[in-house]
Structure formats: structure tokens, C-alpha cells
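Residue-level structure breakdown
Given next are the chains, with one letter for each unit.
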Amino acid sequence: MAKASKVSGIDIDASTGENAREIARVRVEDFYSLAIYADNPLYSHELHDMRIAAKRLRYTLEIFEDVLPEQTADVIKEVTQIQEELGAVHDSDVMIELLQICLENKEHGMSYDEAVVQTTPDEIHHERVAVNPELLAYLVNPELAPSVQEHAGLQLLLTSLQQSRKEQYTTFRQHWHQLQGRDFRRVLLNLLV
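So, here's what we can say about the structure. All of these numbers come straight from a predicted model, not from anything done at the bench.

All right, on to the overall build of the protein chain then. Tallying secondary structure elements over the protein chain gives 7 helices and 0 strands in all. Going residue by residue from the N terminus, the α and β elements of the protein chain occur as α-α-α-α-α-α-α. Within the span of the protein chain, comprising 193 residues, buried residues form 41% of the whole. Across the protein chain, every contact between residues at least 6 apart in sequence was considered, and the portion connecting residues at least 24 apart equals 72%. Counting only carbon and sulfur atoms, one obtains 53% of the accessible surface of the protein chain, whose full area is about 10900 Å².

Following this line, the structure appears as C-alpha cells:
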């Protein structure tokens, strides 16, 4: 997960509003530093980082809403919607990854080490999603492999989740492009001058 940038422009003699604006500007830049991944659905890990950056921006704006312009409430709604859209995409990514591991274990058998390699994001396989190690150990336990009927049901569920993920990503991407068409970054930064 991408770490939040350090805020270095805080002035203890400045007003809360001035410092709030400085903190929020840094959170806006963190958020937009990940915008290069918004148009590629394969960057699961980076889209999740974008969601976390949106959450940090949202919380910053909510905490300081009383000392920011009135239009901040509308901006918070948009950032919250982006966060929720990316959250739905991430939830699907995790479930898809877990189902794929479970199904591969049934079909080919898989060691814990092989599953760890499969679920570790790297420079080539951006679509990988980090999975809880205990859950991973459970999924690759050969004694718990799904039956033939369970396997068929899991395969149907996987197909359904993959379709839902495509739709969730499309919803996010359309909303993202609507915001960019309105120059949302400038709207955010204009609140913070």
C-alpha cells in the first residue's frame, strides 16, 4: 500500500484553516499521483492504493470541513463516491483471486509457496492482490479442496464476479472521466487557496 506523503508545510503560528489547506493539498497530490492507473483495469494494486489515497483525502476534508469553503461538502461526496467505487473493485479483486486459488488447488494442486508467489503483486502481474497468509494456507489445504459440485458452483461464482468487476470498474472509470471533464483537480485545489 502506498504511504501517505509527509506534510511539511505546517506552520504552528498559522490558522487551522491555513494548515488544513496545506494538509489537504498534499492529500490531493497523493491522490492524483495515482491517476495514471485509472484507465487500466489490470492495475488492481494501484487502484487499491488510489482508493486509500481517496480515503485519506476524504477524511482530511471531513475533519477540516468547518474551516474550508462551503463547497467542500460537494467535493467530499465525489471523493467518497470514488472511494466506494474503487472499494467495490478491490473487494471483487480479492474474491476473484481467492476463488482462482481455490479452483487451481482442486485442478492441479498447489503448495503454499506457489500460492504466495501467485498472489504477490510484482512489476509484471499488476492484477495480483495480496491475500491474508492464514486464509491462503486454508485455501491450499488439499483436504479442503472443493468437491466436483462445489467446484462447478465456484466456477460459476468466479465468472459472475469477473463480470461484476468489469461493471464496477466501468462505473468507476465513467465517473472518473466525468470528474476530469469538470477539471476536478482544479476544483479541489481552488478550495484550498
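Here the structure, examined in full by the defined rule, presents 6 aromatic pairs. On the numbers, 6.1 Å between centres and 50 degrees between planes, the contact of Tyr 169 with Phe 172 is tilted. Here Tyr 169 and its partner Phe 172 are both found in helix H6 (residues 148-181), 3 residues apart, which amounts to about one turn of the helix. Overall, Phe 172 belongs to the buried group, its relative accessible area being 0%. Ring-pair connections join several aromatic residues into one group, and the members of that group are Phe 31, Tyr 32, Tyr 169, Phe 172 and Trp 176.

As a further point, take helix H7 (residues 184-191). Those residues of H7 that fall on the buried side of the exposure criterion are Phe 184, Leu 188 and Leu 191. Buried residues of H7, seen end-on, are gathered within an arc of 60 degrees and therefore sit on one face of the element.

Thresholds applied
- Here the residue numbering is sequential within each chain, running from 1 through the sequence in written order.
- Local features are withheld for residues below a pLDDT of 70 in this predicted model, meaning they are given only at 70 or higher, and side-chain atom pairs are given and counted only at 80 or more; totals for whole chains, interfaces and linings count all residues.
- As a rule here, side-chain values cover all heavy atoms of the structure and leave hydrogens and water aside.
- Runs of E in the DSSP output that reach at least two residues are strands. Runs of H or I that reach at least four are helices, and both are numbered from the N terminus.
- Each residue is placed in one exposure class: buried if its accessible area under a 1.4 Å probe, protein chains only, is under 20% of its type's maximum, exposed if it is over 50%, and partly exposed if it falls in between.
- Any two residues whose heavy atoms approach within 4.5 Å at even a single point are treated as in contact.
- For the accessible areas, the method is Shrake-Rupley and the probe is 1.4 Å, while residue cover comes only from the protein chains on display.
- In summary, the pairing rule links any two rings of Phe, Tyr or Trp, Trp by its six-membered ring, whose centres are within 6.5 Å, and it sorts them by plane angle into stacked for under 30 degrees, edge-to-face for over 60 and tilted for everything else.
- Working note: the arc is built from the helix axis to C-beta atom directions.

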